[in-house]
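In case you want the letters, here they are:
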Amino acid sequence: MALPQALAKWWRDWTEGNRFEDCAEWDVERMAKDTGVSPAELRRLVNLGEDSADLLVQRMAALDLDRGEVSATAPKTLQDLQRVCSFCKDHRRCALDLARDSADPAWKNYCPNVGTLLALDAMPWAARKEW
């Protein structure tokens with residue numbers, strides 16, 4: 001499950017209908033610590049919604065990176081990729097590039113995750129049968 005969706009589900013389960021805005025600061029700090037983000041980032045992620053990192057899934061598919069395998073191998077790296085993607089200001093451009101031609105390297109000029117994605121892409125993965 002992607003970080004934004006996991007946070008949203010965890011939040012719904014934890015609050016059982018309570019509103020995030022109504023939480024005490026110590027609750028927000030505890031939730032942020034539990035999820036590995038700052039309280040400010042947690043607030044932003046909650047406001048961005050569950051689908052805020054969906055473009056990352058598409059970009060990983062375009063690179064033939066299996067999200068499940070990356071998650072199992074490097075869960076913190078995947079969480080960071082999701083966090084960075086969620087906060088990216090180029091969602092519209094990314095969505096258009098993915099829709100037009102996902103193999104076009106133009107994304108490398110604006111994606112804040114380019115370094116990590118290219119490093120992951122250079123690794124051998126079982127899902128690609130590169131072992």
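Computed from a predicted structure; not experimentally measured. (Residues numbered from 1 in each chain as written. Predicted model: local features only at pLDDT ≥ 70, side-chain atom pairs only at ≥ 80, totals over all residues. Heavy atoms only, no water.)

1. Regarding the confidence of the model for the chain
Interpretation of this model should avoid reading the predicted coordinates in detail wherever pLDDT is low.
Part 1 of the reasoning: In this model, the chain carries a mean pLDDT of 83, and residues with pLDDT of at least 70 account for 79%.
Part 2 of the reasoning: Taken element by element, the predicted model of the chain shows its lowest mean pLDDT in helix H1 (residues 3–15) (65) and its highest in helix H8 (residues 114–122) (96). (pLDDT = per-residue confidence, 0-100. Helix = DSSP H or I, 4+ residues; strand = E, 2+ residues; numbered from the N terminus.)

2. Examining the packing of helix H4 (residues 54–62) against helix H6 (residues 75–87)
Part 1 of the reasoning: Direction vectors running N to C along H4 and H6 enclose 120°, while the axes themselves pass 8 Å from each other. What the angle tells us is that H4 and H6 run oblique. In this structure, the crossing between H4 and H6 has a hand that is right-handed. In contact with Leu55, Leu56 and Met60 of H4, H6 contributes Leu78, Leu81, Gln82 and Cys85. (Axes fitted to C-alpha atoms, helices over the stretch in contact; angles between N-to-C directions. Parallel < 35°, antiparallel > 145°, perpendicular 65-115°, else oblique. Left-handed = near helix turned anticlockwise from the far one by under 90°. Contact = heavy atoms within 4.5 Å.)

3. Some details on the environment of arginine 44
Part 1 of the reasoning: Following the sequence through the fold, arginine 44 ends up in helix H3 (residues 39–48).
Part 2 of the reasoning: The class of arginine 44 is partly exposed, set by a relative accessible area of 40%.
Part 3 of the reasoning: Residues arginine 44 and phenylalanine 87, 43 residues apart in the sequence, show an inter-C-alpha distance of 8.2 Å.
Part 4 of the reasoning: Setting aside residues up to four positions removed in sequence, arginine 44 forms contacts with Phe87 and Lys89. (Buried < 20%, exposed > 50% of the residue type's maximum accessible area, 1.4 Å probe, protein only.)

4. Things to note about the pattern of salt bridges
Part 1 of the reasoning: Overall, the coordinates contain 2 salt bridges when judged by the stated rule.
Part 2 of the reasoning: Taking the shortest distance from any N to any O, the salt bridge between glutamate 41 and arginine 83 comes out at 3.2 Å. Highlighted residues: glutamate 41 in helix H3 and arginine 83 in helix H6, separated in sequence by 42 residues.
Part 3 of the reasoning: In this structure, the salt-bridge partner of arginine 83 is aspartate 80, at a minimum N-O distance of 2.4 Å. One end of the pair, arginine 83, and the other, aspartate 80, are both in helix H6, 3 residues apart, so they sit about a helical turn from each other.
Part 4 of the reasoning: Linked through salt bridges whose partners overlap, the residues forming this network are Glu41, Asp80 and Arg83. (Salt bridge = Lys/Arg side-chain N within 4 Å of Asp/Glu carboxyl O.)

5. Section: the nonpolar core
Part 1 of the reasoning: Formed by 19 residues in total, the largest nonpolar core has its most connected members in Leu56, Met60, Leu65, Trp107 and Leu117.
Part 2 of the reasoning: Those elements that place two or more of their residues in this core are H4, H6, helix H7 (91–101) and H8.
Part 3 of the reasoning: In contact with methionine 60, other than residues within four places in its own chain, are Leu65, Arg67, Val70, Leu78 and Leu117. (Core = buried A, V, L, I, M, F, W, Y, C linked by side-chain atoms within 4.5 Å.)

6. Points about the state of the cysteines
Part 1 of the reasoning: For the coordinates displayed, the defined rule picks out 0 disulfides.
Part 2 of the reasoning: Here cysteine 85 is not disulfide-linked; the sulfur of cysteine 94 is the nearest cysteine sulfur, at 6.3 Å.
Part 3 of the reasoning: Overall, cysteine 85 belongs to the buried group, its relative accessible area being 9%.
Part 4 of the reasoning: As a non-bridged cysteine, cysteine 111 has cysteine 94 as the owner of its nearest cysteine sulfur, 6.3 Å distant. (Disulfide = S-S within 2.5 Å.)

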